[in-house]
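Descriptive analysis of the structure
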Amino acid sequence: MTSRPGVQRALIAAVQVLSLAVWFSASAVVPALRESWQIGAAASVWLTASVQLGFVAGAVASTVLNLADRVRPHLLMAGSATLAAACTGVFALTVHGLAGAIPLRFLTGVFLAGVYPVGMKLTGSWAPPARRGLAFGVMIGALTLGSALPHLIGGLGDLPWRGVMGTAAGCALLGAVLAVTLVREGPQFAPGTSPRPYPRYALAMFGQRGPRLVNLGYFGHMWELYALWTWLPSFLIAGTAARTGGDDANVSLLAFLAIGIAGVAGCLAGGWAADRFGRPRAAVTALVVSGACCLASPLFFAAPPGAVVLLGVVWGAAVIADSGVFSTALSEVADKRYVGTALTAQTAIGFALTVVTIQLVPVLADAVGWRWAFLLLAPGPAVGALAMRAFGRQPTRA
């Protein structure tokens, strides 16, 4: 029963939802941490940026060692999820300031590099090319839902910040149990083989036009994605204050709606469109819509609640709809022996870019106000759309 492709893809998605709950567990409780630890916005940004940097470090190490292609992926994913859960659990139980928080958040990111890219390879191993777009859409939807889960935990349970992070750690541990007991690799990428170490493939793939353009599209996408996810609650809080002079909105639930619910719907729509209309067209459409939302964000800053919800839903769906498309396309144009390495290298560079925008958005907000802060993100989807348009025009995908 568990060897059926659909069942395996569902199990892999479940592991992603549960394990990725630790990613934004600290970001979701930043207001409480700022009050408790008496820290400002410039310091609190490192609660997210350190995870991104850790992910980059872990992904680079995995790429150099070709871990995603040389270690049984379900064991790598389970071990990594366990260690990420442990770091988050220690944070919840023992940390009382940034000095203890930052190293643990960095290590959490390091270990998540063994969960997310490996999950993409596992998903692709159970999905033939004709169905791979939707399969990756489901997997990225699981990532999105898992990343937004702490907002739901905090918004519904009214838990203290330690309770939110402890619950997220428990979710990741459950994901590890599912991975080690039920998840296995599928037949698409020759499971059981161990290719010779070839860390230079992470750079060699940029010498091929197809992988190069797909990666450029992904990098433009990542310029926008995580900065939006990180700072959307602050944008919403500032907009509410400008409109009413107070806080009359449940920002946590609205953030979960935009990032989680709308994000999952966007992932599924993007995956379906990638299979139905082709990878380039699906990616370009999503990038154009999300870029338009960047440009329109000042108009919605202090708008009525219904208009803000509309922007959040459309933007939350579009900003992630193309993520699975890039993973799908790269899995099809990369060397089949090193698909895991290619996907890990792609995410490593993409997440390095997220550190830049996560840092710059609050700086711009301090300078000109939150109304204009998200304009910084618009160049990303513009560059990504141009790259994927060129990818769609090339005569071959090899």
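The sections below set out a description of the structure shown in this document. Predicted model only: the values in this text are computed from it and were never measured.

What counts, and at which threshold
In every chain, residue numbers begin from 1 and rise along the written sequence. Reporting in this predicted model follows two pLDDT cut-offs: at least 70 for local features of residues, and 80 or more for side-chain atom pairs to be given and counted; totals over whole chains, interfaces and linings ignore these cut-offs and use all residues. Water and hydrogen atoms were dropped before computing side-chain values, which therefore reflect all heavy atoms in the structure. Think of it this way: any DSSP run of H or I at least four residues long counts as a helix, any run of E at least two long counts as a strand, and we number them from the N terminus. Radius of gyration: C-alpha atoms only; globule rule: 2.2 Å multiplied by the number of residues to the exponent 0.38. For each residue, the accessible area found with a 1.4 Å probe, counting protein chains only, is set against the maximum for its type, and the residue is called buried under 20%, exposed over 50%, and partly exposed in between. We call two residues in contact when some of their heavy atoms are within 4.5 Å. Per-residue accessibility takes into account occlusion by the displayed protein chains alone, with areas from the Shrake-Rupley method and a 1.4 Å probe. Counted charges follow a simple rule, with Lys and Arg positive, Asp and Glu negative, and His plus the chain ends left uncounted. Positions of charges follow a simple convention, taking NZ of Lys, CZ of Arg, CG of Asp or CD of Glu. To obtain an axis, a line is fitted to C-alpha atoms, over the contacting stretch when the element is a helix, and the angle between two such axes runs from 0 to 180 degrees between their N-to-C directions. Take the far helix as the reference: if the near one is turned anticlockwise from it by less than a right angle, the crossing is left-handed, and if turned clockwise, right-handed. Only Asp, Glu, Lys and Arg are considered charged in this grouping, and only Ala, Val, Leu, Ile, Met, Phe, Trp, Tyr, Cys and Pro are considered nonpolar; every other residue, Gly among them, is considered polar. Pairing of aromatic side chains here covers Phe, Tyr and the six-membered ring of Trp, requires ring centres within 6.5 Å, and sorts the geometry by plane angle: under 30 degrees stacked, over 60 edge-to-face, intermediate tilted. Salt bridges, as used here, are contacts in which a Lys or Arg side-chain nitrogen is within 4 Å of a carboxyl oxygen on Asp or Glu.

1. Some words on the overall build of the chain
A tally of helices and strands in the chain yields 19 helices and zero strands. Expected size for 398 residues packed as a compact globule is a radius of gyration near 21 Å; at 20 Å, the chain falls within 12% of this value. Taken over 398 residues, the chain has a buried fraction of 56%. If you take every contact in the chain between residues at least 6 apart in sequence, the share linking residues at least 24 apart comes to 84%. Taken as a whole, the chain presents about 14700 Å² of accessible surface, with 69% of it coming from carbon and sulfur. Taking the average location of the 25 positive side-chain charges in the chain and that of its 12 negative ones, the two points are 13 Å from each other.

2. Regarding the packing of helix 4 (residues 46–65) against helix 7 (residues 98–112)
Their axes nearest at 6 Å, the elements helix 4 and helix 7 cross at an angle of 40°. Between helix 4 and helix 7 lies a crossing of right-handed hand. When helix 4 is examined against helix 7, the residues W46, L47, S50, V51, L53, G54, F55, A57 and G58 are found in contact with a partner set consisting of L98, A101, I102, R105, F106, G109, V110 and L112. Its residues assigned to classes, the contact of helix 4 with helix 7 comprises twelve nonpolar, four polar and one charged.

3. Remarks on the environment of L178
As for its position among the elements, L178 is in helix 10 (residues 161–182). Once you skip the residues sitting within four places of it in the chain, L178 turns out to touch A14, V15, L18 and V183.

4. With respect to the packing of aromatic side chains
Counting across every chain of the model gives 23 aromatic pairs. Ring pairing ties together the aromatic residues W23, F24, F55, Y116, Y226, W229 and F351, which thus form one cluster.

5. What about the pattern of salt bridges?
Counted by the stated rule, this structure contains three salt bridges. For K121, the salt bridge identified is with E185, shortest N-O distance 3.8 Å. In this pair, K121 sits in helix 8 (residues 116–125) while E185 sits in the loop between helix 10 and helix 11 (201–204), placing the two residues 64 residues apart along the sequence. Accessibility assignment for this pair places K121 and E185 in one class, buried. When the shortest N-O distance is used, the salt bridge between E332 and R279 registers 2.5 Å. Separated by 53 residues along the polypeptide, E332 in helix 16 (residues 323–333) and R279 in helix 14 (residues 279–300) bring together distant segments of the chain. Residue classification places E332 among the partly exposed positions, given a relative accessible area of 26%. Using a relative accessible area of 9% as the deciding quantity, one classes R279 as buried. Taken together, the shared-partner salt bridges connect D275, R279 and E332 into one network.

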